[in-house]
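Chain and residue survey
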Amino acid sequence: MDALYHRLLVADFPACFGFYDAVLPALTGAVLVKGAPEGPYANWDLADQALLALFDRGGLAATVGTAALPSAPVAAAQDGAMLVFRVDDVDRALDLCLRHGGTPAVDPTDRPEWGPNLRTAHLRDPEGRLIELQSY
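Residues numbered from 1 in each chain as written. Predicted model: local features only at pLDDT ≥ 70, side-chain atom pairs only at ≥ 80, totals over all residues. Heavy atoms only, no water.

Across its full length, the chain carries three helices and eight strands. Listing the helices and strands of the chain from first to last along the sequence gives β-α-β-β-β-α-β-α-β-β-β. Relative to the compact-globule value of 14 Å for 136 residues, the chain shows a C-alpha radius of gyration of 16 Å, a close match. C-alpha extents for the chain along the principal axes are approximately 45 × 40 × 30 Å. (Helix = DSSP H or I, 4+ residues; strand = E, 2+ residues; numbered from the N terminus. Rg over C-alpha atoms; globule rule 2.2 N^0.38 Å.)

Put into structure tokens, the structure is as follows:
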């Protein structure tokens, strides 16, 4: 039983599918168990547990009655959530993500003030969601 996992609501399903399908197996070992680039749904599992799912934002908006509302924030704002992946090598993981459509936010940086031997990099997925890659 999948107790808890993240489901991202995406507007550009093909771009997001391509990004996560390219990086999740290498970063986490997750495998695609359902879905295709045309959507509207895809999910990746790790050890028979859901790790991440994508769902077409417009389809869900129609289901819950919010299709007439704006699909994106009207003004720039600080991030409200972040996906975090623990990886063996932050620099290599960032390179992989950037080669598959991610955009850099903060270069790989040692962060001893956050924890012993902690190294992080931050990037955004194809729709601008903040991702942290970390090793320690």
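Position of alanine 67 among the secondary structure elements: in the loop between α2 (57-64) and β5 (83-86). Remark: the alpha-carbon pair of alanine 67 and arginine 57, spanning 10 residues in sequence, is separated by 9.1 Å. Each residue touching alanine 67, except ones within four places of it in the same chain, is listed here: Ala61 and Ala62. (Contact = heavy atoms within 4.5 Å.)

Moving on, we get to the nonpolar core. In terms of nonpolar packing, the biggest core is built from 27 residues, with Tyr20, Leu27, Trp44, Leu54, Phe85, Ile131 and Leu133 touching the most fellow members. Here this core takes eight residues from helix α1 (residues 13-28), the largest share from any one element. (Core = buried A, V, L, I, M, F, W, Y, C linked by side-chain atoms within 4.5 Å. Buried < 20%, exposed > 50% of the residue type's maximum accessible area, 1.4 Å probe, protein only.)

The next thing to look at is the side chain of threonine 120. With respect to the helices and strands, threonine 120 occurs in strand β7 (residues 119-124). Accessibility expressed as a relative area gives 0% for threonine 120, which makes it buried. At a separation of 2.6 Å, a polar atom in the side chain of threonine 120 contacts the side chain of arginine 111. Not counting residues up to four positions away in its chain, the partners in contact with threonine 120 are Val90, Asp107, Pro108, Thr109, Arg111, Trp114, Glu132, Leu133 and Gln134. (Polar contact = N/O pair within 3.5 Å; in protein donor to acceptor, adjacent residues only side chain to side chain.)

Along the chain, aspartate 89 turns up in the loop between β5 and α3 (90-99). It is 14 Å that separates the C-alpha atoms of aspartate 89 and glycine 29, two residues lying 60 residues apart in sequence. Polar side-chain contacts of aspartate 89 include one of 3.0 Å to the backbone nitrogen of aspartate 91.

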